[in-house]
Amino acid sequence: SNDMSSNELRRAFVGFFESRAHVVVPSAGLIPHHPTAPMFTNSGMMPFVPYFLGEEPAPYKRATSVQRCVRAGGKHNDLDAIGRSPRHLSFFEMLGNFSFGDYFQAEAIPWAWELLTNDAASGGLGLDGDRLWVTCHVSDDDAESIWVDSVGFPRDRIQRLDKDNFWEMGDVGPCGPSSEIFWDYGPDVGPGGGPANPESEHRYVEIWNLVFQRYLRAEDGSLTGLPTPNVDTGAGLERIGAVLAGTASVYEAGDLARLVESAQSVTGHRLGESELGDIALRLIADHTRTMTFLVADGVLPANDDRGYVLRRIIRRAVRFAYLIGVTKAVLPTMVEQCIDLMAPAYPVLNSARDLVLGVIEREEERFGHTLAAGSQLLDSALDEVTDGERMSGSVAFTLHDTYGFPLEVTQEFAELRGIEVDLNAFNAEMTQQRERARAAGKAKGTGSDDVGRYAELLVEHGPTDFVGRDHNEATATVLAVIGDAVVLDRTPFYAESGGQVGDTGTIETPTGRAKVIDTRFGVTGIHRHVIADLVGEILVGQTATASIDVERRLAIRRNHTATHVLHWALRVVLGEHVKQQGSLVGPDRLRFDFSHFDALSDDQIRIIEDLANHEILDNASVRHFETTKAEAVELGAIAFFGDKYGDIVRVLEAGRHSVELCGGTHVRALGDIGPIKIVSESSIGSNVRRLEAVTGFGPIARLRAEESKLADAAAAIGVPVDDLLDGIRKRLADLSELRDEVVSLRRQVASVAAGDLASEAVDGVVVARVEAESRDEVRDLALSLRSQPGIRAVVLGASPGGKGVALVAAVAPDSGLDAGDLISEAVKMVGGGGGKGADLATAGGKDPGQLDAALEYVRAKISPSSAAAASTE
Ligand code: SER
């Protein structure tokens, strides 16, 4: 065995191809950018898709890379097997070599053979060629001949398969026949018969896939030829590492073995102790890499899309740790070790370290709050399941909704006990919840019952011609009047979309005139002008003059373009992970929601404001144009897959830095925005922050409002505004002087009162009920009484403010009495506690009604003879 470190293996592989004129291309991120791409980068070829498809000329003809990959969603999804299988991973590294219309099978196949079987001196890995098997596609005679004739590979270890030898990136995208290379782990592991034998998948393990990318799979399933034949190979670094290390488990070689060690020390479990423990250790090691790289590449935990997969992975790891009895946080240590281990090969981990740690720590903590309770609920729900029954879907829903257990995680733990979750019931609850949410939204009244009529208008007339980017007024024909809404064939009114609110204004025909109070889409494409204050009649077929409220629209435009500038500034200051989550652009303010894991500091807000205002004052022009989606991507437009855009998109270049897809209305140059001021920053959910800002006249109005508040404040304390701070300080000083005076007066009053009480002493003992504002006041009085000549003991009771009871006992040091003892019974009588202390005891109580009786009790206790006399007072 030859236990290479992961780094050595990476170097050996790319070195081999580098010396064969391949350009070494660094790993791309895990969020792929091609429109056909699946959710995550799942293989080494993904960054090169535009070259395979001929959409872009390849900048090099040959490339080699070590690409980070995640298979945790979509076509290639290995998530469920993680931990149980010694070979499956949700994160792995793919070693690959690529040809873009350059070499083909005749080179690719012999090179693979050489790299695997040559000894180290000739740049190979030194594997025993007799233990390799090969498969080729049923249609691909060329591949088989090359294996036999050029390589000299024995024909009896080559098998021809159909589907298994045809690799596809996803439901759509490049694809082609493949030739796979397998390692034979030997007869101890399983029956013979080669990789074609489905019984022996553990014995023959695929280590390298050579794909001959020649086709494009379209959405309708059809195949078309690619402009050139290409080569795309992928070898799992972890699998080859395991073969070299002489183990069948990828968890026992290279970086992963180190991470399993970390998992052992963090959890205190050892491999081999129990099946569940082993699953947990392997799963934690695997998932740590996945979550670390996903966050580093810009994914944040969320309830949908990529963020959901990430959340599920994090929570699954935490729950597995919990299941083997670990209740402290495990992920921060794991993530740190992963970064230390892998940052040399993936420098992105260095710059993202704080982000990754912060996000994952928080997510673990957040789940930690409900984990124990949720686990209990889950386990007892599973305990209740009788043979052949399913686990309650409504419990699964509660786990999801209240305890933050992703459904898949619940299912998986049910599965561990051979139990299925009642998905129908779960889905029914989900649907109900969605309906409740929808009903809540509908109450706002969008008149959506008329959708059918708007759809008919769309079919009959096509979409409303929106002319509002260039015109504030337009002459149009009335196509329909539906309830309180008017539909025109063309309009300057922007319909609410993309966060920008709808326009207001007027519509006038020869017979009528109405205010437009809002504009929305009846159905996408048909502008629905919501009218009010109709005078006369507006009739179908009439010519109408439609005019928007120009001032309002100008304010909206300023806010909308400002939103783009802010988005840019946020990404500069906080990082590229900042992603727009929603926005509301109105005339008086803009609201921008974005992904970020922490509150913004005052400093950060100031820097963001400064950056945005600088950009605005630079006054660069704003360009808003239509183009193809591909062009937009080329321009670096910020757009996220999952967003729905047609083939033609509208791109907004706001100044020199901000390029985004946007259909809104915008200013012509950044200076038109005027000043921008952030007015609030808050959290609106996990990892989502909200900023509100004002632009144009907004900051001026705020300034004025603040000025007038200051003026009012200054007038209230009678100083000029400029002296406000001094004036306030002086008032505060006066106040504290007065307070001191009050205290000293109180003390004098107390000592007079003490004198009076002292004169009532019987036998040097005073027991009395007094008036006081606080327990401290009672205490002060008791102390000052005790210092009067001839006083041995003082017990005072009061009910400060009529609520509760304060009891204080103070005795002279030579009195032979114990203060605490004096009042211990009395304290109980007033329902209180406290009151220990030899010289001084103070206690509180709840029941003022018992105070007199309690004091009477004390009197009797100290000097039984005086009790009767005092009680007659
Ligand atoms: N694209 C192929 C795979 O992922 C070979 O790189 O297996």
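Note: the structure precedes this text.
These lines cover the structure that appears in this document, whether it is placed above or below. Since the structure is predicted, the reported quantities are computational estimates derived from the model, not experimental observations.

## Some details on the overall build of the chain
No. 1: Helix and strand counts for the chain come out as 23 helices and 29 strands.
No. 2: A compact globule built from 873 residues would reach a C-alpha radius of gyration of about 29 Å, whereas the chain, at 39 Å, exceeds it by more than 25%.
No. 3: Dimensions of the chain, computed from the C-alpha atoms along their principal axes, are close to 125 × 90 × 55 Å.
No. 4: A total of 873 residues make up the chain; the buried ones form 50% of that total.
No. 5: Pairs at least 24 residues apart make up 67% of the contacts formed inside the chain by residues separated by at least 6 positions.
No. 6: Of the accessible surface of the chain, which amounts to about 39,600 Å², a share of 49% is contributed by carbon and sulfur atoms.
No. 7: For the chain, the separation between the mean place of its 85 positive charges and that of its 128 negative charges on side chains is 3 Å.

## Some points on the site of the ligand
No. 1: Taken together, Ser43, Met45, Arg71, Met94, Trp167, Asn209, Val211, Asp232, Thr233 and Gly234 make up the full set of residues near the ligand.
No. 2: Interatomic distance of 3.4 Å between a side-chain N/O atom of Trp167 and an oxygen atom of the ligand.
No. 3: Between the ligand and the protein, one listed contact pairs an oxygen atom with a side-chain N or O atom of Asp232 at 2.5 Å.
No. 4: With the chains in place, 97% of the 230 Å² that the ligand exposes on its own is no longer accessible.
No. 5: Cavity membership is defined here by more than half of the atoms lying within 2 Å of grid points; on that basis the ligand lies in the second largest pocket.
No. 6: Those elements giving two or more residues to the shell around the ligand turn out to be β8 (204-217) and β9 (223-236).
No. 7: No other element matches β9, which puts 3 residues into the shell around the ligand.

## Digging into the sheet that holds strand β16 (residues 527-536)
No. 1: Here we have 6 strands rolled up into a closed barrel, ordered β11-β12-β16-β15-β14-β17, and antiparallel in their pairing. On average, each strand axis in the sheet is inclined to that of its neighbour by 45°, with strand direction left out of account.

## Considerations on the packing of aromatic side chains
No. 1: Inspection of the entire model under this criterion finds 25 aromatic pairs.
No. 2: Centre to centre, the rings of Phe104 and Phe212 are 5.7 Å apart; their planes meet at 65°, and the pair counts as edge-to-face. In this pair, Phe104 sits in the loop between β3 (91-100) and α3 (105-117) while Phe212 sits in strand β8, placing the two residues 108 residues apart along the sequence. Taken individually, Phe104 and Phe212 each receive the classification buried, so the pair is uniform in this respect.
No. 3: Arranged with centres 5.7 Å apart and planes meeting at 70°, the rings of Phe466 and Tyr494 form a pair that is edge-to-face. Remark: Tyr494 occurs in the loop between β13 (490-491) and β14 (505-509) and Phe466 occurs in strand β10 (residues 465-466); sequence separation between them is 28 residues.
No. 4: For the cation-ring pair, Arg319 lies above Phe413, with the distance from its terminal atom to the ring centre recorded as 4.3 Å.
No. 5: The ring centre of Phe625 lies 4.1 Å from the NZ or CZ of Arg623, which sits over that ring.

## Let's talk about empty space enclosed by the protein
No. 1: The final tally for this structure, using the stated rule, is 1 cavity of 30 Å³ or more.
No. 2: Computed from the structure, the largest cavity encloses a volume of approximately 80 Å³.
No. 3: Taken together, 13 residues line the largest cavity, and the ones lying closest to its centre are Ser6, Leu237, Ala253, Gly254 and Asp255.
No. 4: Contributions of two or more residues to the lining of the largest cavity are made by α1 (6-18), α5 (237-245) and α6 (254-267).
No. 5: For the lining of the largest cavity, a count of residues per class yields 6 nonpolar, 4 polar and 3 charged.

## Some details on a negative patch on the surface
No. 1: A contiguous patch of negative charge on the surface is contributed by Glu55, Glu56, Glu631 and Glu634.
No. 2: Structurally, the position occupied by Glu56 is in the loop between α2 (49-52) and β2 (62-70).

## A look at the environment of Gly755
No. 1: Position of Gly755 among the secondary structure elements: in helix α19 (residues 724-759).
No. 2: Its relative accessible area of 27% is what places Gly755 among the partly exposed residues.
No. 3: With 87 residues separating them in the primary sequence, Gly755 and Arg668 have C-alpha atoms 85 Å apart.

## Some points on the pattern of salt bridges
No. 1: One pass over the structure, following the stated rule, counts 45 salt bridges.
No. 2: Two residues, Glu114 and Arg20, come together in a salt bridge whose shortest N-O distance is 3.5 Å. Of this pair, Glu114 sits in helix α3 while Arg20 is found in the loop between α1 and β1 (23-24), placing the two residues 94 residues apart along the sequence.
No. 3: Overall, the relative accessible area of 26% leaves Glu114 in the partly exposed class.
No. 4: Of the charged contacts in the structure, one is a salt bridge between Asp593 and Arg690, with a shortest N-O distance of 2.7 Å. Placement of Asp593 in strand β19 (residues 590-595) and of Arg690 in strand β24 (residues 688-695) is noted, with a sequence separation of 97 residues between them.
No. 5: Each of Arg10, Glu93, Glu238, Asp255 and Arg289 takes part in a single network of salt bridges with overlapping partners.

## Brief notes about the sheet that holds strand β20 (residues 622-628)
No. 1: If you trace the 3 strands from one edge of the open sheet to the other, you get β20-β21-β22, paired in antiparallel fashion. Each edge of the open sheet is held by one strand with a lone partner, namely β20 and β22 (658-661). Each strand axis lies, on average, 25° off the axis of its neighbour in the sheet, ignoring direction.
No. 2: Taken together, the 4 bridges between strand β21 (residues 648-654) and β22 define a ladder with antiparallel strand orientation. Bridge assignment links Leu652 to a residue of β22, and that residue is Glu660.
No. 3: Contacting β20, β21 and β22, helix α15 (residues 550-574) crosses the sheet at an angle of about 115° to β22.

The rules behind each value
Residues numbered from 1 in each chain as written. Predicted model: local features only at pLDDT ≥ 70, side-chain atom pairs only at ≥ 80, totals over all residues. Heavy atoms only, no water. Helix = DSSP H or I, 4+ residues; strand = E, 2+ residues; numbered from the N terminus. Rg over C-alpha atoms; globule rule 2.2 N^0.38 Å. Buried < 20%, exposed > 50% of the residue type's maximum accessible area, 1.4 Å probe, protein only. Contact = heavy atoms within 4.5 Å. Areas by Shrake-Rupley, 256 points an atom, 1.4 Å probe, with all protein chains shown as cover. Lys, Arg positive; Asp, Glu negative; His and termini not counted. Charge placed at Lys NZ, Arg CZ, Asp CG, Glu CD. Near = heavy atom within 4 Å. Polar contact = N/O pair within 3.5 Å; in protein donor to acceptor, adjacent residues only side chain to side chain. 1 Å grid on protein atoms, 1.4 Å probe; cavity = no way out; pocket = protein on both sides within 12 Å on 5 of 7 lines; lining within 4 Å. Sits in = over half its atoms within 2 Å of the grid points. Pairing = 2+ DSSP bridges. Axes fitted to C-alpha atoms, helices over the stretch in contact; angles between N-to-C directions. Phe/Tyr/Trp six-rings, centres within 6.5 Å; stacked < 30°, edge-to-face > 60°. Lys NZ or Arg CZ within 6 Å of the ring centre and 35° of its normal. Points joined across faces, edges and corners; volume = space filled by probe spheres on them. Nonpolar A, V, L, I, M, F, W, Y, C, P; charged D, E, K, R; others polar. Patch = residues over 30% accessible without salt bridge, like charges linked within 9 Å, V, L, I, M, F, W, Y side chains within 5 Å. Salt bridge = Lys/Arg side-chain N within 4 Å of Asp/Glu carboxyl O.

That is the geometry; function is a separate question.
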